[in-house]
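Structural description and commentary
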Amino acid sequence: MLRLRNIRYVSLPKIWNIFRLHAFYRKAKRSNLGSIVPPPNFASYEPTNICNLACEMCPSGKGLLKRPRGTADMDLYRKFITENCKTLTNIMLHFQGEPLMCQQLGEMIAFARENRIHTMFSTNGQLLAQSIDLIRDARPDHIIVSLDGLTDETYTKYRVGGKVQNVFDGLEKLSQLPTKERPYIELQFLVFSHNEHEIPELQKLKKKYRIDKITLKSAQIYDESQIDFLPENQEYSRYNISNGKVKLKKKAENHCKRLIFGTVVCFDGRVVPCCFDKDAEHEFGNISNQSLAEIRNSEKFRNFVKQVFTQRNGIEICNNCTE
């Protein structure tokens, strides 16, 4: 069903651009950055970095973000979409913050769809039920709903300030939408030590709320003080623990597809490499005064790509990445 929905977003220029991206990626792995960097085929655009929860391990919710708080400017967003619609196949309207707290979210979704770009956003679900009219009218293609516990006891252990019933109410509202108006619904479950025992119950929710997909996601932690959050079942953890020290199971190799095929734009137009750069420490430029093509072919961007493809472990944000 999801693939059939996506057909309307396919075009020959987009297909050709994906071939160009693959070619550039292969050359970059051979330390050849001589050619022009093609435009990305997907983007994450931040509607807002303001959130209604104070989730553990989340710098936005905990008030630890170093960059300013705000919401996206629609004129700047329209400029970005208009300039890149011929090559963008997918736009993810989330980065930091809760997208449903942005009053322009419906307009952002609708404008991207008008320009034949697949739309999706990720939400903590607290505002889903009261946003059902926005969803019905704007028609996003894909919604990721985070549900990291099935009772208030397990849910609020991480989603501080939230109520699990609000998420259930939102899922119920989504399930009642007619098939033609209902987006593809993905339920995302961050696996922790306090909720891993609830995983078998998720299949019941899938049937009850007409959920299309359930994703079990490993949690990201920042230091050893958060080890207790990691699940006992190693299948659901991205880390190995030895002598009280945490280390990624997967070694970061000297390449990164997301950096080449995608881009991340902060609410104020700053372009950063990926979702791990939450404080925009590696800002490449700003779409308010440059095109994305100019930014991706700038010396700053190309030097960053070169470092990722030669000495990735020297970049701090890469050291918690599973790609």
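The following refers to the structure shown. (Residues numbered from 1 in each chain as written. Predicted model: local features only at pLDDT ≥ 70, side-chain atom pairs only at ≥ 80, totals over all residues. Heavy atoms only, no water.)

Examining helix H2 (residues 12-29)
- With 18 residues, H2 extends 26 Å from end C-alpha to end C-alpha; this agrees with the ideal 26 Å at 1.5 Å per step.
- Looking at the buried residues of H2, the elements they touch are helix H9 (257-261), helix H10 (292-296) and helix H11 (299-311).
- Where H2 ends, the next residue or the one after it, Ser-31, has phi of about 65 degrees, a positive value. (Helix = DSSP H or I, 4+ residues; strand = E, 2+ residues; numbered from the N terminus. Expected span 1.5 Å × (residues − 1). Contact = heavy atoms within 4.5 Å.)

Observations concerning the state of the cysteines
- All told, the structure shown has zero disulfides when counted by the stated rule.
- With no disulfide of its own, Cys-55 lies 5.7 Å from the sulfur of Cys-58, the closest cysteine sulfur.
- According to the relative accessible area criterion, Cys-55 is buried, its value standing at 4%.
- Cysteine Cys-321 is unpaired, with the sulfur of Cys-256 as its nearest cysteine sulfur at 5.9 Å. (Disulfide = S-S within 2.5 Å. Buried < 20%, exposed > 50% of the residue type's maximum accessible area, 1.4 Å probe, protein only.)

Things to note about the sheet that holds strand E6 (residues 213-218)
- Sheet architecture is open: nine strands sit in the order E6-E5-E4-E3-E2-E1-E9-E10-E11, paired in mixed fashion. Each edge of the open sheet is held by one strand with a lone partner, namely E6 and strand E11 (285-286).
- Sheet topology note: the strand E1 (residues 42-45)/strand E2 (residues 90-92) ladder contains three bridges and is parallel. What sits directly across from Ala-43, in E2, is Ile-91.
- This element, helix H3 (residues 74-84), spans E1, E2 and strand E9 (262-265) of the sheet and lies at about 175 degrees to E1.
- Sitting on the sheet, helix H7 (residues 164-175) is in contact with strand E4 (142-146) and strand E5 (184-191), with an inclination near 155 degrees to E4. (Pairing = 2+ DSSP bridges. Axes fitted to C-alpha atoms, helices over the stretch in contact; angles between N-to-C directions.)

Observations concerning the packing of aromatic side chains
- Throughout the structure, instances matching the rule amount to nine aromatic pairs.
- Between Phe-168 and Tyr-209, the ring centres sit 6.3 Å apart and the planes meet at 15 degrees, which makes this aromatic pair stacked. Residue Phe-168 is located in helix H7, and its partner Tyr-209 is located in the loop between helix H8 (202-208) and E6; the two are separated by 41 residues in the primary sequence.
- A relative accessible area of 7% places Tyr-209 in the buried class.
- Ring geometry for Phe-284 and Phe-301: centres 5.0 Å apart, planes at 80 degrees, overall edge-to-face. Of the two residues, Phe-284 is situated in the loop between strand E10 (270-272) and E11 and Phe-301 in helix H11; the sequence distance between them amounts to 17 residues.
- For Phe-301, a relative accessible area of 3% corresponds to the buried category. (Phe/Tyr/Trp six-rings, centres within 6.5 Å; stacked < 30°, edge-to-face > 60°.)

Everything listed here is a matter of geometry and, on its own, says nothing about what the molecule does.
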